[in-house]
Amino acid sequence: MNVNEHTSGDIDTHGGGERPPCTGLTPDALPEVQKPVLAENSQTGVSTRNALSGTEEAASDGVNVIPNKIIKRKPKDVPHWYALRVTYGREKRAYDYLIGKHVEAYYPTIKTVKEVDGKRKSVEESRLPNIFFARGTEEEIKSFVYDNVNLPYLRFYYRHFHEGARVTREPLIVPDYQIESLKIICASEAEDIILELSNVRKFEQGQTVRIIDGAFKGVVGKVARYQGQQRVAVIIDGLFTVATAYIPTAFLEKNEENT
């Protein structure tokens, strides 16, 4: 039976309407930084490197209203997950440094087979070249981002907001449930995972669901048909989209909490 036949009236896998306006996202990068290119065939085989587990996301404190846009501001003294960028593929070095300083961090990796000195070897590489995540207060993470002695290659990703003629920015915060979902997807043995260096419109318009069974149980994301199959995707706003392999509708339930 095909995916459409499995799809119930309660789960919208198609989406519709125009793409909503979104805020810009750029890294606070050094001049030599190049836009990261995700490794091809990143969906085949995976090992995930991470430290500790996330806690419940802290509540928002205050709301700034912009015409046609509401931006929730997070207090700087509350721990969050931040997306971090490095130059020249030094994400593991930065990750190891932060772990050594007892900072909670997450570094998604993938196992691939390469020929080294004429022999085929299994090697572990970054699943998201030049990107990893760290959890702490904004000031705590800033102390590492601005450490130009030990970590001169480490930067925040920033979101930019237009407030009239003025442009403001703040470090990109990744919600706890998205990090936990990303960990589940990257730790699975599924070979049909999709990784896109952009927001995928179909998923942006999809309904928010939770996967309640199977290899991806616990993932919360947007459901849509993509590349011929029903999948659930985690969209790290403006940075990348990672989608599960095929998910039957029976494994899905609506999730209003993270809509």
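See the structure printed just above.
Since the structure is predicted, the reported quantities are computational estimates derived from the model, not experimental observations.

1. Observations concerning the overall build of the protein chain
A count of helical and extended segments in the protein chain gives 5 helices and 17 strands. Relative to its 259 residues, the protein chain shows a buried fraction of 47%. For the protein chain, restricting intrachain contacts to residue pairs at least 6 apart in sequence, the fraction spanning at least 24 positions comes to 71%. Of the roughly 13,300 Å² of accessible surface on the protein chain, 48% is carried by carbon and sulfur atoms.

2. Digging into the nonpolar core
Counting residues in hydrophobic clusters, the biggest one holds 30 residues, and the most contacted among them are Phe133, Phe216, Val232, Leu239, Phe240 and Val242. Discounting chain neighbours no more than four positions away, the residues touching Phe133 are Trp81, Tyr82, Ala83, Glu104, Ala105, Tyr106, Pro108, Leu128, Val174, Ile179, Leu182 and Phe240. Membership of the second largest hydrophobic core comes to 19 residues, among which are Tyr82, Leu98, Leu154 and Phe156.

3. Examining the sheet that holds strand β17 (residues 252–254)
Pairing in this open sheet of 6 strands is antiparallel, and the strands run β12-β16-β15-β14-β13-β17 from one edge to the other. In the strand order of this sheet, the two ends are held by β12 (194–196) and β17, each with one partner. Strand-to-strand, the axes of this sheet are offset by a mean angle of 40 degrees, without reference to chain direction. Against the sheet, helix α4 (residues 176–187) makes contact with β14 (220–226), β15 (229–236) and β16 (240–243), and its axis sits at roughly 130 degrees relative to β15, the strand it touches most.

4. Some thoughts on the side chain of Ser181
Relative to the helices and strands, Ser181 is located in helix α4. Take Ser181: its relative accessible area is 1%, and that puts it in the buried class. One polar contact links the side chain of Ser181 to the main-chain amide nitrogen of Val220, over a distance of 2.9 Å. Ser181 has contacts with Gly218, Val219, Val220 and Val234, leaving out every residue within four places of it along the chain.

5. A word on the environment of Ile185
By secondary structure assignment, the location of Ile185 is in helix α4. Note on Ile185: relative accessible area 0%, which makes it buried. Separated by 49 residues in sequence, Ile185 and Val234 have C-alpha atoms that sit 9.1 Å apart. Not counting residues up to four positions away in its chain, the partners in contact with Ile185 are Ile193, Phe216, Val219, Val234, Val242, Ala243 and Thr244.

6. Concerning the pairing of strand β10 (residues 166–171)
With 6 bridges joining them, strand β9 (residues 154–163) and β10 adopt antiparallel strand pairing. Bridging from a neighbouring strand, Phe161 pairs with Thr168 of β10. What sits between β9 and β10 in their antiparallel hairpin is a turn of 2 residues, with Gly164 showing a positive phi close to 70 degrees.

7. Concerning the pairing of β15
Burial analysis of β15 places 7 of its 8 residues in the buried class, which makes it a mostly covered element. Relative to β15, β14 runs antiparallel, the two being bridged by 5 bridges. Each residue of the ladder has a partner; that of Tyr226, found in β15, is Gln229. Linking two consecutive strands that pair antiparallel, namely β14 and β15, is a turn of 2 residues; a positive phi of about 55 degrees is found at Gln227 within it. Sheet topology note: the β15/β16 ladder contains 4 bridges and is antiparallel. Considered in β16, the bridge of Ile236 is made with Phe240. In this structure, the hairpin formed by β15 and β16 is closed by a connection of 3 residues, where Gly238 is found at a positive phi of approximately 75 degrees.

The rules behind each value
- Residues numbered from 1 in each chain as written.
- Predicted model: local features only at pLDDT ≥ 70, side-chain atom pairs only at ≥ 80, totals over all residues.
- Heavy atoms only, no water.
- Helix = DSSP H or I, 4+ residues; strand = E, 2+ residues; numbered from the N terminus.
- Buried < 20%, exposed > 50% of the residue type's maximum accessible area, 1.4 Å probe, protein only.
- Contact = heavy atoms within 4.5 Å.
- Areas by Shrake-Rupley, 256 points an atom, 1.4 Å probe, with all protein chains shown as cover.
- Core = buried A, V, L, I, M, F, W, Y, C linked by side-chain atoms within 4.5 Å.
- Pairing = 2+ DSSP bridges.
- Axes fitted to C-alpha atoms, helices over the stretch in contact; angles between N-to-C directions.
- Polar contact = N/O pair within 3.5 Å; in protein donor to acceptor, adjacent residues only side chain to side chain.

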